[in-house]
Amino acid sequence: MTTIAIIGAGPGLGAAVARRFGREGHEVALISRSRERVDALAADLARAGVTARGFAADVREPKTLEAALDAASATLGPVEILQYSPVPQRDFMRPVLETAPADLVGPIEFSVYGPAAAVRHVLPSMRSLGRGTVLLVNGGTAVVPHPDRAGTSIAFAAESAYGHLLHDTLAPEGIHVAQLVIPGAIIEGHDRKAPAALADALWNIHRERHGFRHFADDLDS
């Protein structure tokens, strides 16, 4: 059995994706800075019949991320699906004229160095399997930059470019790289932006393997 590794797993989208992919038979690696949080989430998923384990890592410290992915593979099985969806820190979202060069270090580490480290680390496993999926989850500023959220606007754009390059380069190897853009907030009960609806969208992207960029909802929503 193969594993989906969810980087930035939490009780909302991460839990919903774990349930959706777990229902399809995948083992689930929950990766977050808080081991206590993902252990609790794994226990909750176990009660729903999903095999999941928690692993601690900081996406701004690539070595911890690589160690977590190694532990996930050793414990659960090879990583076939990688979801990168950590929630950006609030201090990444400064107005553009108040954003100094030093203020861009965190967002770039978070949204570019983190996914690059993760993808490079699981790519050999995907190549060995002969298949794989990388799912990048971003907010609307990945497409339409916002002057009051300069850090995430710049970093998400860079992450998008990196993902698109991967999509074009890895497709001939059977490895699908895609981005889901979620405009605005994730809203429980929303027909397109509730966690369960987003999990279904990500499952469909994984299964249909068509195109790079997908939208959970209209950009002006």
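See the structure printed just above.
Here goes a summary of the coordinates provided. (Residues numbered from 1 in each chain as written. Predicted model: local features only at pLDDT ≥ 70, side-chain atom pairs only at ≥ 80, totals over all residues. Heavy atoms only, no water.)

### Comments concerning the packing of helix α1 (residues 13-23) against helix α2 (residues 35-47)
Packed helices, taken two at a time, are described by the angle their axes make and the gap between the axes. Put simply, the rule is: Comment: axis = line fitted to C-alpha atoms, over the contacting stretch for helices; angle = value between 0 and 180 degrees taken between N-to-C directions. Note on conventions: DSSP H or I runs of at least 4 residues are helices, E runs of at least 2 residues are strands, and numbering of each starts at the N terminus. Two helices that cross are described as forming a left-handed crossing if the nearer one is turned anticlockwise from the farther one by less than a right angle, and a right-handed crossing if clockwise. Contact definition: two residues touch when any of their heavy atoms are within 4.5 Å. Ten residue types, Ala, Val, Leu, Ile, Met, Phe, Trp, Tyr, Cys and Pro, are classed as nonpolar, four, Asp, Glu, Lys and Arg, as charged, and the remainder, Gly among them, as polar.
Taken N-terminus to C-terminus, the directions of α1 and α2 make an angle of 35 degrees; their axes are 11 Å apart at the nearest point. Crossing angle aside, the handedness with which α1 passes α2 is right-handed. Across the interface between the two elements, A15, A18 and R19 from α1 touch L41, D44 and L45 from α2. In terms of residue class, the contact of α1 with α2 is built from 4 nonpolar, no polar and 2 charged.

### Digging into the sheet that holds strand β1 (residues 3-7)
For clarity, the cut-off: Should DSSP find at least two bridges between two strands, the strands are taken to pair.
Taken in spatial order, the 7 strands make up an open sheet running β3-β2-β1-β4-β5-β6-β7, and their pairing is parallel. This sheet does not close on itself; its edge strands, each paired only once, are β3 (52-56) and β7 (213-215). Adjacent strand axes in the sheet meet at a mean angle of 20 degrees, parallel and antiparallel pairs treated alike. Relative to strand β5 (residues 132-139), strand β4 (residues 79-84) is paired through 4 bridges, and the arrangement is parallel. Bridging from a neighbouring strand, Q83 pairs with L135 of β5. Here helix α3 (residues 62-76) sits on the sheet in contact with β1, β2 (27-32), β3 and β4, set at roughly 160 degrees to β3. Most of the contacts of helix α4 (residues 105-129) go to β4, to which it runs at about 170 degrees, and overall it touches β1, β4, β5 and β6 (175-182).

### Some remarks on unusual backbone geometry
Even without being glycine, R209 reaches a positive phi, approximately 55 degrees. Secondary-structure assignment places R209 in the loop between α6 (195-208) and β7.

### Let's talk about the layout of surface pockets
To find leftover empty space, one rolls a probe the size of a water molecule over the atoms. Short version of the rule: Lining residues are defined by having an atom within 4 Å of a point belonging to a cavity or pocket. Those points lie on a 1 Å grid over the protein atoms alone, cavities being sets where a 1.4 Å probe fits but cannot get out and pockets being open sets with protein on both sides within 12 Å along at least five of seven lines. Grid points are joined across faces, edges and corners, and a volume is the space filled by probe spheres set on the points.
Size it by volume and the largest pocket reaches roughly 1,000 Å³. Lining of the largest pocket is provided by 43 residues; of these, S85, P86, V87, P88 and F156 occupy positions nearest its centre. Looking at the lining of the largest pocket, the elements that each hand over two or more residues are α1, β2, β5 and α5 (150-170). The element that contributes the greatest number of residues to the lining of the largest pocket is β5, accounting for 3 residues. Partitioning the lining of the largest pocket into residue classes produces 21 nonpolar, 16 polar and 6 charged.

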